[in-house]
Amino acid sequence: MSNRSCLTTGGRPCVFPFRYHNISYSACTWRDGHKTQGVPWCSLSVNENGDHVNSQGGRGSTWDFCSGDCITSHLECSPVTPDCSNSSILQQCVESSVSTGDHVATWCVTMRDKKHGGEKTIHVKCAEDCVTYKEEGFLGLCAHSGPECLMFAMASLILLIITLVTVFVLICCVRKKKGQDQEMRIRSASIQPGDRYRKSTAGVLDG
């Protein structure tokens, strides 16, 4: 049914729920964003089964861009590991419900050449062996990131350790130097003012 609380940028009400790629959507979706300039969209027309009606009319005919008043699914994309059999796949994207956090859909982003030159990204079904980097990353960092981030995190940790060791050694050296200076002052203060004179006089008398 039409949702008057969610109007498109063209001023038309979105139809919720609508089914697209066998997924039921109750909010605006990012799916196939390569066809919508990366803007979330919704269906304006569904058939008797609730499936989105595709047409050749493009935007404004059976779909349109969602406005800021509409609820849009949460989208999180992560780079896939080099183990993916499809080397053209760049990322895996997971769409989830904003209200419940439930999983809605998963797809992959791949790079393909345009017919008239250049490259474009499109959404495709993910291969089974295409997985993302571990969510926990390194010490809680670099979640959903590639190996470059992990290498940077490791290098940063090593540099931090070296810096801490250097500071510790400097502190020890400063304390040792202060201890030696204090010991010299104590020795100097323990010599009586007439000790040197008495020693020199004793040497003359003994001679």
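Before going into details, it helps to say that this report is about the structure given with it. (Residues numbered from 1 in each chain as written. Predicted model: local features only at pLDDT ≥ 70, side-chain atom pairs only at ≥ 80, totals over all residues. Heavy atoms only, no water.)

Following Phe16, the chain continues into Pro17 via a peptide bond in cis, with omega recorded as -10°. Along the polypeptide, Pro17 turns up in the loop between β2 (13–15) and β3 (18–20). Despite not being glycine, His21 has its phi angle at roughly 55°, a positive value. Relative to the helices and strands, His21 is located in the loop between β3 and β4 (23–25). Despite not being glycine, Asp32 has its phi angle at roughly 55°, a positive value. Its place among the elements puts Asp32 in the loop between β4 and β5 (41–43). (Helix = DSSP H or I, 4+ residues; strand = E, 2+ residues; numbered from the N terminus.)

For the rest of this paragraph, the subject is the nonpolar core. Among soluble globular proteins, nonpolar side chains are generally buried collectively. Counting residues in hydrophobic clusters, the biggest one holds 18 residues, and the most contacted among them are Cys14, Phe16, Phe18, Cys28 and Cys42. When contributions to this core are tallied by element, the ones reaching two or more residues are β3, β5, β6 (63–65) and β9 (103–113). Broken down by element, this core gets its largest block of residues, four residues, from β9. Membership of the second largest hydrophobic core comes to eight residues, among which are Val80, Cys84, Val124 and Cys126. (Core = buried A, V, L, I, M, F, W, Y, C linked by side-chain atoms within 4.5 Å. Buried < 20%, exposed > 50% of the residue type's maximum accessible area, 1.4 Å probe, protein only.)

Next up on the list: the packing of aromatic side chains. The geometry of an aromatic ring pair comes down to the distance between the two centres and the angle between the two planes. Scanning all chains against the criterion turns up six aromatic pairs. Consider the rings of Tyr20 and Trp41, whose centres lie 5.0 Å apart with planes at 85°: the pair is edge-to-face. Placement of the pair is Tyr20 in strand β3 and Trp41 in strand β5, with a sequence separation of 21 residues. Trp41 shares its class with Tyr20; the two are buried. Each ring, one from Trp41 and one from Trp63, has its centre 6.3 Å from the other, and the planes form 75°; the classification is edge-to-face. Placement of the pair is Trp41 in strand β5 and Trp63 in strand β6, with a sequence separation of 22 residues. Assessed through its relative accessible area of 3%, Trp41 is described here as buried. Ring pairs connect the aromatic residues Phe16, Phe18, Tyr20, Tyr25, Trp41, Trp63 and Phe65, which therefore count as one cluster. (Phe/Tyr/Trp six-rings, centres within 6.5 Å; stacked < 30°, edge-to-face > 60°.)

What follows concerns the state of the cysteines. Inspection of every chain in the model, using the stated rule, returns six disulfides. A disulfide bridge connects Cys14 with Cys42, and the sulfur atoms are separated by 1.9 Å. On the sign convention where negative means left-handed, the S-S torsion of about -75° between Cys14 and Cys42 marks this disulfide as left-handed. In this pair, Cys14 sits in strand β2 while Cys42 sits in strand β5, placing the two residues 28 residues apart along the sequence. (Disulfide = S-S within 2.5 Å.)

Here we take up a nonpolar patch on the surface. Side chains of Ile161, Val165, Phe168 and Val169 sit close together on the surface and give an oily, nonpolar patch of about 380 Å² of accessible area. Of the residues examined, Ile161 reaches a relative accessible area of 47% and is grouped as partly exposed. (Patch = residues over 30% accessible without salt bridge, like charges linked within 9 Å, V, L, I, M, F, W, Y side chains within 5 Å. Areas by Shrake-Rupley, 256 points an atom, 1.4 Å probe, with all protein chains shown as cover. Salt bridge = Lys/Arg side-chain N within 4 Å of Asp/Glu carboxyl O.)

Turning our eyes to something else, we now look at the environment of Ser43. By the element assignment, Ser43 lies in strand β5. Ser43 sits in the buried class, given a relative accessible area of 0%. Residues Ser43 and Thr29, 14 residues apart in the sequence, show an inter-C-alpha distance of 9.5 Å. The residues contacting Ser43, other than those within four sequence positions of it, are Cys14, Val15, Phe18, His52, Thr62 and Trp63. Within polar-contact distance, the side chain of Ser43 engages the side chain of His52 at 2.7 Å. (Contact = heavy atoms within 4.5 Å. Polar contact = N/O pair within 3.5 Å; in protein donor to acceptor, adjacent residues only side chain to side chain.)

Quick look at the pattern of salt bridges now. In total, this model carries two salt bridges according to the counting rule given. A salt bridge links Asp51 to Arg19, with the nearest nitrogen and oxygen atoms 2.8 Å apart. Within this pair, whereas Asp51 is found in the loop between β5 and β6, its partner Arg19 is found in strand β3, the two being separated by 32 residues in sequence. Classification of Asp51 by relative accessible area gives partly exposed; the value is 23%. The exposure class assigned to Arg19 is partly exposed, which follows from its relative accessible area of 31%.

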